[in-house]
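# Reading the structure
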Amino acid sequence: MRLSPRLLKLAAKVPDYAVVADIGTDHALLPIYLVSTGKCPRAVAVELKEGPYQAARTAIESFNMAGSVDLRRGDGLKPLVPGEVDAVVIAGMGAEQMIRILEESPQVRASVPWFVLQPMEDAPKLRGYLVTHGFRLADEELVRDGDEIYEIICAAPGQEHIEDELLLEVGPRNVERRDPLLPELIERRIQRYRRILIQVEQGRTQRAVEAMREIQERIRRLDALARAVTRHD
Ligand SMILES: C[S@@+](CC[C@H](N)C(=O)[O-])C[C@H]1O[C@@H](n2cnc3c(N)ncnc32)[C@H](O)[C@@H]1O
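Along each chain, residues carry numbers from 1 onward, in the same order as the chain's sequence is written. Local features in a predicted model are, by the rule used here, given only for residues with pLDDT of at least 70; side-chain atom pairs are given and counted only at 80 or more, and totals for whole chains, interfaces and linings are based on all residues. As a rule here, side-chain values come from all non-hydrogen atoms in the structure, and water together with hydrogens is ignored.

Here we come to the pairing of strand E7 (residues 148-157). The cut-offs for exposure are 20% and 50% of the maximum accessible area for each residue type, with area from a 1.4 Å probe on protein chains only; residues under the lower value are buried, those over the upper are exposed, and the others partly exposed. Put simply, DSSP H or I for four residues or longer makes a helix, DSSP E for two residues or longer makes a strand, and each gets a number counted from the N terminus. Of all ten residues in E7, eight are buried; the element is thus mostly enclosed. Paired strands, in this sense, are two strands between which DSSP finds at least two bridges. Note: strand E6 (residues 135-145) against E7, ten bridges, orientation antiparallel. Its bridge partner lying in E7, Leu-142 is registered against Glu-151. Between E6 and E7, which pair antiparallel in sequence order, lie two residues; one of them, Gly-146, sits at a positive phi of approximately 65 degrees.

This is the structure we're talking about:
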């Protein structure tokens, strides 16, 4: 079975021998891979929608995994019992949806020692939520897959205080480790802010002027960070 670079990196972030749940499993590729390679003894695959749920069922049966990949139809963490799994993967959906999933199952959430999260958008918002709701950002990594750079965030119960919003924007562990893809991620953010700036510049209100200043300052700081993480010392 061949996984994409993104799914392979997600698999690598799951602790060895963990009983894992994959929320929004789609074709169940990740849990099938984790169990068939022996990295995880068992997995729970959760899927909300009928089409992907049937696709997951077919894939699990064709890989002869029905005894070790337990497929459940349902919403987020709700099909899980507290304490049932050692790690949870939620990947390939937006940060808002992930936050809702975490909020709606407080008992399951509190029982999980390790989350592997890969939001498709709004990663800064997810980081902000995690560090203000009893998590620390235990590990982070960027992965290139096709034209995209994906942000993987591993969260564990704990305390973390992040004052500088710039770190929430690109990930404190990515900065500490000088992730090789970080300069490119920052450059993409800067380009996005430049596009927003062009739109804001049309406005003549006081609010538009303030927004422009804030965006210009954010671009300046991101630019400085990109230079700092590419410095060779
Ligand atoms: C884009 S796919 C990502 C699949 C896989 N996790 C990956 O990263 O490649 C998102 C999947 O999550 C499912 N999904 C969305 N919201 C969900 C929820 N609240 N609970 C369970 N599954 C959900 C969707 O039906 C879809 O199959």
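Proximity criterion: a residue is near a molecule or strand once any of its heavy atoms comes within 4 Å of it. Lining the immediate surroundings of the ligand are 17 residues, of which Arg-6, Gly-24, Glu-47, Asp-75 and Gly-76 lie closest. The term polar contact refers here to a pair of N or O atoms within 3.5 Å; inside protein, the definition further demands a hydrogen-donor-capable atom paired with an acceptor-capable atom, and it admits residues adjacent in sequence only when both atoms are side-chain atoms. In this structure, Arg-6 approaches the ligand through a side-chain N or O atom, which is 2.6 Å from an oxygen atom. The side chain of Gln-97 places a nitrogen or oxygen atom 2.9 Å from a nitrogen atom of the ligand. Areas reported as accessible are Shrake-Rupley estimates using a 1.4 Å probe. Residue values count occlusion only from the protein chains shown. Protein burial of the ligand: of its 600 Å² of free accessible surface, 82% is covered by the chains. Put simply, the parts of the chain that give the shell around the ligand at least two residues each are helix H1 (5-12), strand E4 (87-93) and helix H4 (95-104).

It is worth spelling out the side chain of Lys-13 at this point. If you trace the backbone, Lys-13 turns up in the loop between H1 and strand E1 (20-23). Among the polar contacts listed, one links the side chain of Lys-13 to the side chain of Glu-141, at a separation of 2.7 Å. Once residues within four sequence positions are removed from consideration, Lys-13 is found in contact with Trp-114, Val-116, Asp-139, Glu-141, Ile-152 and Cys-154. Should any heavy atoms of two residues lie within 4.5 Å, those residues are counted as being in contact.

Okay, the domain arrangement of the protein chain next. Residue ranges assigned to each domain were obtained from an automatic or database domain assignment. What the domain assignment lists for the protein chain is domain 1 (5-161) and domain 2 (182-230). Computed over C-alpha atoms only, the centres of domain 1 and domain 2 are separated by 32 Å. Contacts between the two partners involve seven residues from domain 1, matched on the other side by five residues from domain 2. Buried area: the accessible surface (1.4 Å probe) lost by two parts on joining, summed over both. Counting the surface lost from both domain 1 and domain 2, the interface buries some 500 Å², and carbon and sulfur atoms represent 47% of this. Of all residues in domain 1, the largest losses of buried area upon contact with domain 2 belong to Leu-142, Ile-149 and Glu-151, amounting jointly to 66% of the total for that side.

By secondary structure assignment, the location of His-27 is in the loop between E1 and helix H2 (29-36). With sequence-adjacent residues up to four places away left out, His-27 is seen in contact with Ile-32, Ala-55, Ala-56 and Ala-59. At a separation of 3.1 Å, a polar atom in the side chain of His-27 contacts the side chain of Asp-26.

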